[in-house]
Amino acid sequence: MTATDATETTDSALAIQDKLTSFIRARLLPDELKDEFGPDTPLLELGLLDSLSAARLLNFIKRQLGTNVPDTLIDPENFRSVRSLTHLITTLIPAQQAG
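Residues numbered from 1 in each chain as written. Predicted model: local features only at pLDDT ≥ 70, side-chain atom pairs only at ≥ 80, totals over all residues. Heavy atoms only, no water.

This next bit is on helix 2 (residues 51–65). Look at helix 2: 20 Å from first C-alpha to last across 15 residues, which is about the 21 Å you get at 1.5 Å a residue. Among the residues of helix 2, those classed as buried are Ser53, Ala54, Leu57, Phe60, Ile61 and Leu65. All buried residues of helix 2 project into a common sector of 120° when viewed along the axis, lining one side. In helix 2, those exposed residues whose orientation departs by more than 90 degrees from the buried face are Ser51, Leu52 and Arg63. Put simply, Asp50 is the residue that caps the front of helix 2, since its side-chain oxygen is 3.2 Å from the backbone nitrogen of Leu52. Phi turns positive, to about 70°, at Gly66, one or two residues after helix 2. (Helix = DSSP H or I, 4+ residues; strand = E, 2+ residues; numbered from the N terminus. Expected span 1.5 Å × (residues − 1). Buried < 20%, exposed > 50% of the residue type's maximum accessible area, 1.4 Å probe, protein only. Arc of directions from axis to C-beta. Polar contact = N/O pair within 3.5 Å; in protein donor to acceptor, adjacent residues only side chain to side chain.)

Written out as structure tokens, the structure is:
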């Protein structure tokens, strides 16, 4: 990986993180948590993801980010925070483009 590739990967990850953060703030977050919400906010511990909100989030990831999250990767570790979701998505994108 060249320095340019690393910069593009970082920029891409930040763009994904921003999109996820915006979606969660707008669609899933109660008003009282909006000011405190960040990339490491624990989504599951705060009860922000139930089955319906997880389905909405997965649909957003598929439609807006062009990535399908396989059922085998839908686990608490990957959905712990926006940062962990961003890592998952940036890992999936090259694999889905290649295959």
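Considering all chains together, one arrives at one aromatic pair under this definition. Aromatic pair Phe23 and Phe60: ring centres 4.3 Å apart, planes at 15°, arrangement stacked. Taken together, the positions of Phe23 in helix 1 (residues 3–27) and Phe60 in helix 2 put the pair 37 residues apart, joining distant regions of the chain. By relative accessible area, which is 10% here, Phe23 ends up buried. (Phe/Tyr/Trp six-rings, centres within 6.5 Å; stacked < 30°, edge-to-face > 60°.)

Moving on: the nonpolar core. In this structure, Leu20, Ile24, Leu57 and Ile61 are the most contacted members of the largest nonpolar core, which totals 22 residues. Taken together, the elements giving at least two residues each to this core come down to helix 1, helix 2 and helix 3 (82–98). For this core, the leading source of residues is helix 3, giving five residues. In this structure, Leu20 is in contact with Leu57, Phe60, Ile61, Leu65, Val82, Leu85, Thr86 and Ile89, ignoring residues within four places of it in sequence. (Core = buried A, V, L, I, M, F, W, Y, C linked by side-chain atoms within 4.5 Å. Contact = heavy atoms within 4.5 Å.)

Here we take up the environment of Asn68. Within the element layout of this structure, Asn68 appears in the loop between helix 2 and helix 3. Between the C-alpha atoms of Asn68 and Leu92, which are 24 residues apart in sequence, the distance is 8.1 Å.

So, about the confidence of the model for the protein chain. A residue-level look at the protein chain finds 87% of positions with pLDDT of 70 or above and a mean pLDDT of 89. Looking at the elements of the protein chain, mean pLDDT is at its lowest for helix 1, recorded as 81, and at its highest for helix 2, recorded as 96. Low confidence marks residues 3–7, where pLDDT is under 50. Its contacts with residues over four positions away, or in another chain, come to one contact. (pLDDT = per-residue confidence, 0-100.)

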